[in-house]
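Spelled out from the first residue to the last, the chains are:
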Amino acid sequence: MSTANLVPVVYNSLVNLKTSTNFNGVHTQFNSVLNFKNGAPNTQGGSKAWCAAILDTNQYIMAGSENPKTYVSLAIQGRGDLDQWVTSFKVRYTLDGVNWKEYRNGSSIAANSDRNTVTTHFFDTPIRARSIAICPLTWNTHISLRFELYAEIEQHSFTQVGRNISPGADTVLNSTTNTGAREILVDVLFPVEFKSIPLIAITLGHIDTTSADATGTNVYQQTRVDVQAINVTTKGFKARFYVWRNARAYNLRADYVATSLE
């Protein structure tokens, strides 16, 4: 299994980090990103890891965000400047910030056996959570770790709305001589280009029609008019205004909603 198509959320600052305790002000979660290195002395730049102040099984480092994420795996690593690492841990997570669950019912997950080797664990099934915590269970010398969480790429809907698209008044759609199918194509450009081709919902918002012959003496029961979105691209589409037989449209106006996942 690979993390190639997953998002490293700690590296990309997509989560906030919180810890149970910190050894001191330069041994905090700010040093916990995977492969963190620091050329300054420990007393100035801090350790090459997050280091807990208390050595017990109540310690944790937690990543959280306002919007839920789908976590697929995590990677864990020891402290880069001393022989300190976590040898086993458990994972806790929550979707609502109130009800917490334990991955594998709190079972122990193997971690590290040296300073720098990265151990990656793929969850049995992806975890949907707002907050997720690594809770060390055993360690070598001290609770110290660097880590990364990998999540699925989040897709969000992007919607644009357009109103009053019209072929104009008194066009071929209002012809009194042609009783067959008549259409006009209107170019519509999106205010902002989409990243992928959107779905279009387009409706007639205004209909000004009659259904009669050229003299107006023979009135018919059927009025057939329509509008469709065709040739859709990321930049726009064509609005196809359409009438049939004796339908005569003096003016038509349409509205649309365009949505895509990005």
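Criteria and cut-off values
- Residues numbered from 1 in each chain as written.
- Predicted model: local features only at pLDDT ≥ 70, side-chain atom pairs only at ≥ 80, totals over all residues.
- Heavy atoms only, no water.
- Phe/Tyr/Trp six-rings, centres within 6.5 Å; stacked < 30°, edge-to-face > 60°.
- Helix = DSSP H or I, 4+ residues; strand = E, 2+ residues; numbered from the N terminus.
- Buried < 20%, exposed > 50% of the residue type's maximum accessible area, 1.4 Å probe, protein only.
- Salt bridge = Lys/Arg side-chain N within 4 Å of Asp/Glu carboxyl O.
- Domains from an automatic or database assignment.
- Polar contact = N/O pair within 3.5 Å; in protein donor to acceptor, adjacent residues only side chain to side chain.
- Contact = heavy atoms within 4.5 Å.
- Disulfide = S-S within 2.5 Å.

A. Quick look at the packing of aromatic side chains. The tally for this structure, following the rule as stated, stands at six aromatic pairs. Where Tyr103 meets Phe123, the ring centres are 5.1 Å apart and the plane angle is 75°; that geometry is what we call edge-to-face. In this pair, Tyr103 is assigned in the loop between strand S6 (100-102) and strand S7 (109-110) and Phe123 in strand S8 (residues 119-140), connecting sequence segments 20 residues apart. The same class applies to Tyr103 and to Phe123, which are both buried. Cluster of aromatic residues (ring-pair linked, three or more members): Phe158, Phe190, Phe194, Phe237 and Tyr256.

B. A look at the pattern of salt bridges. Enumeration according to the criterion identifies nine salt bridges in this entry. Salt-bridge contacts for Glu154 lead to Arg128; the nearest nitrogen and oxygen are separated by 3.1 Å. Placement of Glu154 in the loop between strand S9 (144-151) and strand S10 (157-165) and of Arg128 in strand S8 is noted, with a sequence separation of 26 residues between them. Three or more residues are tied together by salt bridges with common partners; here these are Lys90, Arg92 and Glu102.

C. The domain arrangement of the protein, seen in detail. One can read the domain layout of the protein as domain 1 (7-151) and domain 2 (157-261). Between the C-alpha centres of domain 1 and domain 2 there is a distance of 57 Å.

D. Local environment of the side chain of Gln84. Of note, Gln84 is situated in the loop between strand S4 (61-77) and strand S5 (85-94). At a separation of 2.7 Å, a polar atom in the side chain of Gln84 contacts the side chain of Ser144. For Gln84, the contacting residues outside a window of four places in its chain are Cys51, Gly78, Arg79, Asn140, Thr141, His142 and Ser144.

E. Summary view of the state of the cysteines. Scanning the model with the defined rule gives zero disulfides in all. Here Cys51 stays unpaired: no disulfide links it, and the sulfur of Cys135, its closest cysteine neighbor, is 17 Å away. Of the residues examined, Cys51 reaches a relative accessible area of 1% and is grouped as buried.

F. Broad picture of the environment of Arg128. Look at Arg128 and you get partly exposed, because its relative accessible area is 39%. In the structure, Arg128 is positioned 35 residues away from Tyr93 in sequence and 8.5 Å away in space, judged by C-alpha atoms. Setting aside residues up to four positions removed in sequence, Arg128 forms contacts with Pro68, Lys69, Thr70, Tyr93, Leu95 and Glu154. At a separation of 2.7 Å, a polar atom in the side chain of Arg128 contacts the side chain of Thr70. A polar side-chain atom of Arg128 sits 3.1 Å from a polar atom in the side chain of Glu154.

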